[in-house]
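# Topology and contacts: notes
Listed below, chain by chain, are the residues.
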Amino acid sequence: MFSKLHLLGALALSLTCLAQTELIRDFKGGLAKLPQEKLSTEVFDQKSPALKLDSSGVKSGQFVGHTFYVYQEAAQALRGKTIEFRIKTKHVAGNAALGGTFRVATSPGNELRVTRSFSLNTPVGDQFQEQSATFTVPNLDNIAHVNVQFGFRQQGEEQNLWIIDEPQFRYAENSSSVQLPTDILGLSALLDKEPLVLVEDGKVKFSIVIPAAADPIAKLAAEELQLHCQLAVGTEIPIRQEADGQEISGPAIHVGGTMLAQKFALQPVNLPPESWLIARNGENIILTGGDTPGATYNQATSTRGVATGTLYAVYEFLERTFGVRWYWPGKYGTVVPPAANVKVTRLLQTGTPSYSTRGFLYSIPRDPEISTAEFTRWYRRNRVGSAHGNPLANHSFNAWPKKFGASHPEYFALQVDGRRKTDEVAGGHVCLSNPEVLKETIREKLEYFEKNPGAGFASVMPGDSFGLYRCICEDCQKPLQPERAPAGTASNLVWGFVNKVALGVAEKMPDRYITCCAYGDYRQRPDFPLASNVAVTLCYSAQPRSDQISKNKWRAMLDEWRQTGAALYIWEYWNNSRYSRGVYGAPAVFPRHLQEFMRLDQGQVRGRAMELSNIDGDGVSFSYWTDWIYDALNVYVVSHLMNDINCDVEKLLDEYYPAFYGPAAVPMRQFHDELELAWTRGNYSDGWNWETCWVKTYPPEFVDRMMALLRQSVELCAGQEPYLKRAQKTLAGYLPFERNSFLFREKKSQTNAPKITVPQGTAKPLLDGRPDEEAWQKAAVIGNFCDSYNIYEQKAGTEMRFLVAEGTLFVAVSATIPPERNEIKWADDLGERDSL
Ligand SMILES: [Zn+2]
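Reading guide: rules and limits
- Residues numbered from 1 in each chain as written.
- Predicted model: local features only at pLDDT ≥ 70, side-chain atom pairs only at ≥ 80, totals over all residues.
- Heavy atoms only, no water.
- Helix = DSSP H or I, 4+ residues; strand = E, 2+ residues; numbered from the N terminus.
- Buried < 20%, exposed > 50% of the residue type's maximum accessible area, 1.4 Å probe, protein only.
- Contact = heavy atoms within 4.5 Å.
- Donors = N, O, S within 2.8 Å, 3.2 Å for Na, K, Ca; no water.
- Tetrahedral: all angles 85-135°; square planar, octahedral: opposite > 155°, others 65-115°.
- Axes fitted to C-alpha atoms, helices over the stretch in contact; angles between N-to-C directions.
- Parallel < 35°, antiparallel > 145°, perpendicular 65-115°, else oblique.
- Nonpolar A, V, L, I, M, F, W, Y, C, P; charged D, E, K, R; others polar.
- Pairing = 2+ DSSP bridges.

### Some points on unusual backbone geometry
Looking along the chain, the bond that leaves Ala485 and enters Pro486 is cis, with omega of 0°. With respect to the helices and strands, the residue Pro486 is situated in the loop between α12 (474-477) and α13 (491-508). Residue Pro722 is bonded to the preceding Glu721 through a cis peptide linkage, with omega at 5°. Here Pro722 is to be found in the loop between α21 (700-716) and α22 (723-733). The phi dihedral of Arg383 is positive, around 60°, even though this residue is not glycine. For Arg383, a relative accessible area of 2% corresponds to the buried category. For Glu806, which is not glycine, the phi dihedral falls at a positive 50°. Residue placement: Glu806 occurs in the loop between β30 (798-805) and β31 (808-815).

Here it is as structure tokens:
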């Protein structure tokens, strides 16, 4: 059964390769005109002859191959277009790998202008396999020919024999597999020997150019460039828009698909999503990148859903050339060094984010000095976002009880009492072996993708109960593996269903993913491979520490899931270390640890999202990011790591302290470094609790010394804005650290272990949730509870009643809602997390 599923997955995948894009030229007819010794008339795909690439009689080092040409008008028509060389290959003998080179030459002089090489897979088996390579033809005048030189290089004596058939040029269906065409720019950049002056003695020497048909991304990118350059130089910089067909000559910074960018086939639609490019060409600088066509201004400024490579090119340029940094949101957070003289020499930089999804949850705090828009813009400037929507999974059947509870009770999980789970408690439990449920789920997901063309992912995940409400029908029981309890009992059942939905969706929409969390009793991998369009959200809840226990745990989870072949994403909980067992207000996430942790999954995890702390220093939970000052530097560093996993974190930190805190750079650096060192040296064998935290890791004298460094920083910044404001906000942000340390040093933890005697009642009380009837009057009542440390003030009262009647112990609990909670949520209403 499992190998069959796998085959279906492979079939779905190959359907994407067979897309019938527009044909440019079919070379099959021309093959017959070749000399007989180059042809194979016995072995061919559909029609004889095929082309034979045979090394018999060829000397070592010689190229065995053929060149496929498109000439003159036909070649000129390809300028600026992305084309595909498609071919069927059959491997007969030898070890030589097939490959080729796209080449473009212009007249007069048949001058070779651009080359781009590629290599192909050596297929397993003896069947013909369709393969392809793509290339964007630069927007040059007088193209004489575009060709592909294709074949292999003979090495040694061994015979190599390939049969190739059905060679074609087609227009590429999409540009996502196209590489950044930097070669021609790179070559022309060699000519730029003189520096290009952008700012001289405080005078601006350039304008900003946007294309005639500038879209919202290009406009936003140009505005951001203008704003920050003006802050750096202090004078206004014009944005000029090209008129149709009229190039604007430099010195200029071109943003997006200007006519100059088009000359090099660098318009945003040609580039891979979210990739970016900075290049100098003579008097001009080109800033462009892969953008989602048709994106709105609101989408471009938000952090989710559209590719904004052009915007990233501008941010990279501002960081690299003007030294701009976005350490905090809002006006206090941006660092723009004054720029009296700015010049560049050669400039050719490109990049694509290391993780395709870069996100944070509970990412917007309430800070009266900083607006939500400023926070969102801060994430955007640090290139937080994704091009294809949200890959994180969540319980997906929550709406089904309302939708199908009455009409199709058989869709729902069979319970031990013989009823179907058609109610909404714990959010939608269905019978995963009912074929109609599968069909309806596939239909629902296809409908969702049709309505949301930008969405790359849809969740398929059972309700939240850790197996409690799982269907007990015979077919749902069969795949269960009790021997893998607790984390793998239902892995084959749940992932088998997810896989079938993914395959069903792939038949119609092969590029959309079905996503589910590795969670509850399906946290472990299934016994079978998963379709290539299954995405797995790995929930990692330990503190991101770099100690060996945490590292091994994360490594084991990755190694296990990598074997499924699914696309892996991580949901990482930064918040957990902020609220377990009396550690409110304690710093527990640090830049170097994060880098260590991310190195473990480098190249294996496609995206990551960090859940920031929504619990404040008093242990009160909110629906927003609390105490954001603690993690602002972590967010900044991780944003840079997510964009470039190899970025130099030490360099980021070296820049940070003097640039951000000016006169307080030294004590601020000491504060952060000592905290991180104390955390690193901590012994967590007893877990992360109040004692580990406030006695061992951050003892009172340490906390006092750290807070003194912050107070000293404020003094050093006196009268110097914006440093003073930053130092003051930092000090205020860490006050919970000091406050909680004092709680534990003054009161010390006490355990509260009351003894009660339970009276005999005369009658059994009714179990109706109301402890107010006659029978309960005789019960023992206890209240005035404290938490397990007897430290924090209790926000909500709890009373318990105990009663023995007719040989049975009855317990009633009355709990009040904390005053800051104006509503109570039960599990069946909850979308993202369960809380009370
Ligand atoms: Zn069932």
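### Re the side chain of Glu440
Position of Glu440 among the secondary structure elements: in helix α11 (residues 435-451). Leaving out residues up to four positions away in the same chain, Glu440 has contacts with Trp400, Lys403, Phe404 and Tyr411.

### Here's the deal with the coordination of the zinc ion
Protein coordination at the zinc ion comes from Cys431 (SG), Cys471 (SG), Cys473 (SG) and Cys476 (SG), with a distance range of 2.2 to 2.4 Å. Around the zinc ion, the 4 donor atoms are arranged such that angles at the metal cover 105 to 114°; this shape is classified as tetrahedral. Here the donor residues for the zinc ion map to a single chain with the spacing C-x39-C-x1-C-x2-C. Of this pair, Cys431 sits in the loop between α10 (400-404) and α11 while Cys476 sits in helix α12, and the two are 45 residues apart along the sequence.

### Comments concerning the packing of helix α16 (residues 591-601) against helix α19 (residues 665-681)
Two elements in contact, α16 and α19, have axes whose closest approach is 9 Å; the angle formed by their N-to-C orientations is 50°. Relative to α19, the element α16 lies oblique. Contacts between α16 and α19 pair Pro591, Arg592 and His593 from the former with Arg669, Asp673, Glu676, Trp679 and Thr680 from the latter. Residue classes in the contact of α16 with α19 are distributed as 2 nonpolar, 2 polar and 4 charged.

### Focus on the sheet that holds strand β9 (residues 143-153)
Ordered by their spatial adjacency, 4 strands build an open sheet running β4-β9-β6-β7, and the pairing between neighbours is antiparallel. Edge positions in the sheet fall to β4 (63-71) and β7 (111-119), since each of these pairs with one other strand and no more. In this sheet, adjacent strand axes meet at a mean angle of 20° when their direction is disregarded. For strand β6 (residues 99-106) and β9, the ladder comprises 8 bridges, and the chain directions are antiparallel. Of the residues in β9, the one forming a bridge with Thr101 is Gln149.

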